[in-house]
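What follows is the residue order along each chain.
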Number of protein chains: 2
Amino acid sequence: MQITRAAEYGVLGLTALARRPLGEVVMIDTLCAEEDIPRSFLGKILQSLNRAGIVRSARGSGGGFCLAKEPSEISALEIIEAIEGPISLQRCLDEDLGCEHSTGCALCSLLAVAQDRVKDVFRTTSLSDLTGRHIPNGLVRQARDRHRESESTPPVEAADTVTSTWTIN
Amino acid sequence: MQITRAAEYGVLGLTALARRPLGEVVMIDTLCAEEDIPRSFLGKILQSLNRAGIVRSARGSGGGFCLAKEPSEISALEIIEAIEGPISLQRCLDEDLGCEHSTGCALCSLLAVAQDRVKDVFRTTSLSDLTGRHIPNGLVRQARDRHRESESTPPVEAADTVTSTWTIN
DNA sequence: CTCAAACCGGACTGAAATGATCCGGAAAAG
DNA sequence: CTTTTCCGGATCATTTCAGTCCGGTTTGAG
């Protein structure tokens, strides 16, 4: 009854792309660092998203990924199903033919309704909706690290407990 | 993104109980036969439902299970959560403290909404709603077998292709 | 009192899905 | 032709799922 990590990472990775101007090409490593996602795993996930036409990939030096359409044109449902395959709360595949348990299985109808509700929510949420107030921890950490580096002779011993203020961008 | 077999069997087993007058005690074996559920698995599941106060159990000879309340008073949500634990599309547990990915994680909010929708559907569906038109295959098979037995010298050779009419109860 | 019927509940197990990693290969840029 | 970067298949460890087993406890009947 949960989304997979892969789908989770997929959405997150795409928000990282969506934060940039459309068409900007970004390497996997950059996305991983921002969103705290294992590098080779995100590689796999982006392959799926590429095949599904949600991102475009470019090989060779200067290569990477960019969104294939406007964030407002990409629904959460698209993303998730591109990665996990069709969402299905149902277990019995041929829903018309009646399931293994019973003809006109009551449980199947119930699950079908629930499934529709979930899909509605995902279908009506776009990537741009998701990108709004989301500030990934990876980015936050990077901003902090940049701030640390710029300090003159940072106090090594107390490094772990530094609680100085810093801003993002 | 699916319900477990255990929850599925749980609901099915309860519809079998709900088909009877409230308070009638039924053995596991009977329920299994009607709904085509592995016997020892259903045993486990009924234990959970017993602890949750949805069924009552009686040990010893003449023992078995009965519903602890009216089918209309038992929601699908109750049943499923009694077996699977709380339904959660969320992965990050402490939803308030912000998840591992980001403060104000957009994905979490999305999943929270979807989760609420699913729970609503399950909450507003009662066991009596589920028991209506549901005719379990196990019961159907039993009725067929009873009919076969009552025939005089049934034609053994054509047994597999017999399509005679029969009724339930 | 004793035995058999029935559930209780913890340990266990096999199979599948999940979450990831690895590595050789192909393509693009310089 | 070398470097960079993605492609994609194989592989692997862990967890969850689905289900079984078995000794124990409770209850009712004889």
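Residues numbered from 1 in each chain as written. Chains lettered and ligands numbered in written order. Predicted model: local features only at pLDDT ≥ 70, side-chain atom pairs only at ≥ 80, totals over all residues. Heavy atoms only, no water.

Engineer: Hey, could you run me through the protein's contact with DNA strand D in this one?
Structural biologist: Close to DNA strand D lie 26 residues, the nearest being Lys 44, Gln 47, Ser 57 and Arg 59 of chain A together with Arg 59 of chain B. Restricting attention to atoms of DNA strand D within 4 Å of the protein, one finds that 69% of them are sugar or phosphate atoms. At 3.0 Å, a side-chain N or O of Asn 50 of chain A approaches a phosphate oxygen of DNA strand D. When contributions to the surface near DNA strand D are tallied by element, the ones reaching two or more residues are α3 (39-51), β1 (55-58) and β2 (64-67) of chain A together with α1 (5-18) and α3 (39-51) of chain B. It is α3 of chain A that contributes the most residues to the surface near DNA strand D, five residues altogether. Within the surface near DNA strand D, the residues separate by chemical class into seven nonpolar, 11 polar and eight charged. (Near = heavy atom within 4 Å. Polar contact = N/O pair within 3.5 Å; in protein donor to acceptor, adjacent residues only side chain to side chain. Helix = DSSP H or I, 4+ residues; strand = E, 2+ residues; numbered from the N terminus. Nonpolar A, V, L, I, M, F, W, Y, C, P; charged D, E, K, R; others polar.)

Engineer: How should the pattern of salt bridges be read in this particular structure?
Structural biologist: Two side chains that carry opposite charge are able to pair once their charged atoms sit near each other. Following the criterion strictly, the structure yields 20 salt bridges over all chains and no others. Measuring nitrogen to oxygen at the nearest pair gives 3.7 Å for the salt bridge that ties Arg 20 of chain B to Glu 24 of chain B. The salt bridge involving Lys 119 of chain B is made with Glu 81 of chain B; its shortest N-O contact spans 3.7 Å. Here Lys 119 of chain B is found in helix α5 (residues 106-123), whereas its partner Glu 81 of chain B is found in helix α4 (residues 76-84), with 38 residues between them in sequence. The class for Lys 119 of chain B is buried, based on a relative accessible area of 18%. Counted as one network, the salt bridges with shared partners bring together Arg 19, Arg 20, Glu 24, Glu 34 and Glu 35 of chain A. (Salt bridge = Lys/Arg side-chain N within 4 Å of Asp/Glu carboxyl O. Buried < 20%, exposed > 50% of the residue type's maximum accessible area, 1.4 Å probe, protein only.)

Engineer: Explanation requested: the nonpolar core in the structure shown.
Structural biologist: The tendency in soluble globular proteins is for nonpolar side chains to be buried side by side. Core analysis: the biggest nonpolar cluster contains 92 residues, and Leu 14, Leu 49 and Phe 122 of chain A together with Leu 14, Leu 49 and Phe 122 of chain B have the highest contact counts within it. Those residues in contact with Phe 122 of chain A, other than ones at most four positions away along the chain, are Ser 75, Ala 76, Leu 77, Ile 80 and Ile 87 of chain A together with Met 1, Leu 110, Leu 111 and Ala 114 of chain B. (Core = buried A, V, L, I, M, F, W, Y, C linked by side-chain atoms within 4.5 Å. Contact = heavy atoms within 4.5 Å.)

Engineer: What is the right way to read the interface of chain B and chain A from this model?
Structural biologist: The parts lose accessible area when they come together, and the size of an interface is often stated as this lost area. Contacts between the two partners involve 41 residues from chain B and, on the opposite side, 41 residues from chain A. Together chain B and chain A conceal approximately 4,000 Å² of surface at their shared face, both sides included; 59% is due to carbon and sulfur atoms. The three residues of chain B that bury the most area against chain A are Met 1, Arg 91 and His 101 of chain B, which together make up 21% of that side's buried surface. Taken together, the connections running from chain B to chain A amount to two salt bridges. Between Arg 91 of chain A and Glu 8 of chain B there is a salt bridge, with its nearest N and O atoms 2.6 Å apart. In this structure, the connection of chain B to chain A is made through eight residue pairs in polar contact (both at pLDDT 80 or more). Of all the secondary-structure elements, those providing two or more residues to the side of chain B that touches chain A are α1, β3 (102-103), α5 and β4 (135-136) of chain B. No other element matches the 11 residues that α5 of chain B contributes to the side of chain B that touches chain A. Taken together, the residues that form the side of chain B that touches chain A break down as 22 nonpolar, 12 polar and seven charged. The sheet contact formed by strand β3 (residues 102-103) of chain A and β4 of chain B spans two bridges and is antiparallel. (Buried area = accessible area lost by both parts, 1.4 Å probe. Pairing = 2+ DSSP bridges.)

Engineer: What should I look at first to understand the side chain of Glu 35 of chain A in this one?
Structural biologist: Checked against the element boundaries, Glu 35 of chain A lands in helix α2 (residues 28-35). Taking the relative accessible area as the measure of exposure, Glu 35 of chain A reaches 1% and is therefore buried. Once you skip the residues sitting within four places of it in the chain, Glu 35 of chain A turns out to touch Leu 12, Gly 13, Thr 15, Ala 16, Arg 19, His 134 and Pro 136 of chain A together with His 101 of chain B.

Engineer: Please explain the relation of the copies chain B and chain A as it appears in this structure.
Structural biologist: The relation between the two chain copies is a rotation about an axis coupled with a shift along that axis. Of the transformation placing chain B onto chain A, the axial shift is 0.0 Å and the rotation is 180°, giving an RMSD of 0.1 Å. Taken together, the rotation angle and the small translation identify this as a two-fold axis. Measuring from the rotation axis to each C-alpha of chain B, the shortest distance belongs to Met 1 of chain B, at 2.0 Å. Both copies share a contact surface, since 100% of the interface residues of chain B are interface residues in chain A too. (Least-squares fit on C-alpha atoms with pLDDT ≥ 70 in both.)

Engineer: I tried to follow α1 of chain B on my own but got confused; where do I start?
Structural biologist: An α-helical turn contains 3.6 residues, so a residue and the one three or four places further along point in the same direction. Between its first and last C-alpha, α1 of chain B extends 20 Å over 14 residues, near the 20 Å set by a 1.5 Å rise per residue. When you tally the buried positions in α1 of chain B, you get 13 out of 14 residues, the bulk of the element. (Expected span 1.5 Å × (residues − 1).)

Engineer: Is there a simple way to think about unusual backbone geometry in this case?
Structural biologist: As a rule of thumb, non-glycine residues mostly have phi less than zero, and peptide bonds are mostly trans rather than cis. Phi angles above zero are rare outside glycine, and Asp 36 of chain A is one such case at about 60°. Look at Asp 36 of chain A and you get partly exposed, because its relative accessible area is 43%.

Engineer: I would appreciate a short explanation of the packing of α1 of chain B against α3 of chain B in the present structure.
Structural biologist: Residues and elements named next belong to chain B. Between α1 and α3, the least distance of the axes is 10 Å, while the angle of their chain directions is 80°. In this view, α1 runs roughly perpendicular relative to α3, as classed from their interaxial angle. For the pair α1 and α3, the contacting residues are Arg 5, Ala 6, Tyr 9, Gly 10 and Leu 14 in the first and Phe 41, Leu 42, Ile 45 and Leu 49 in the second. Along the lines of polarity and charge, the residues of the contact of α1 with α3 split into seven nonpolar, one polar and one charged. (Axes fitted to C-alpha atoms, helices over the stretch in contact; angles between N-to-C directions. Parallel < 35°, antiparallel > 145°, perpendicular 65-115°, else oblique.)

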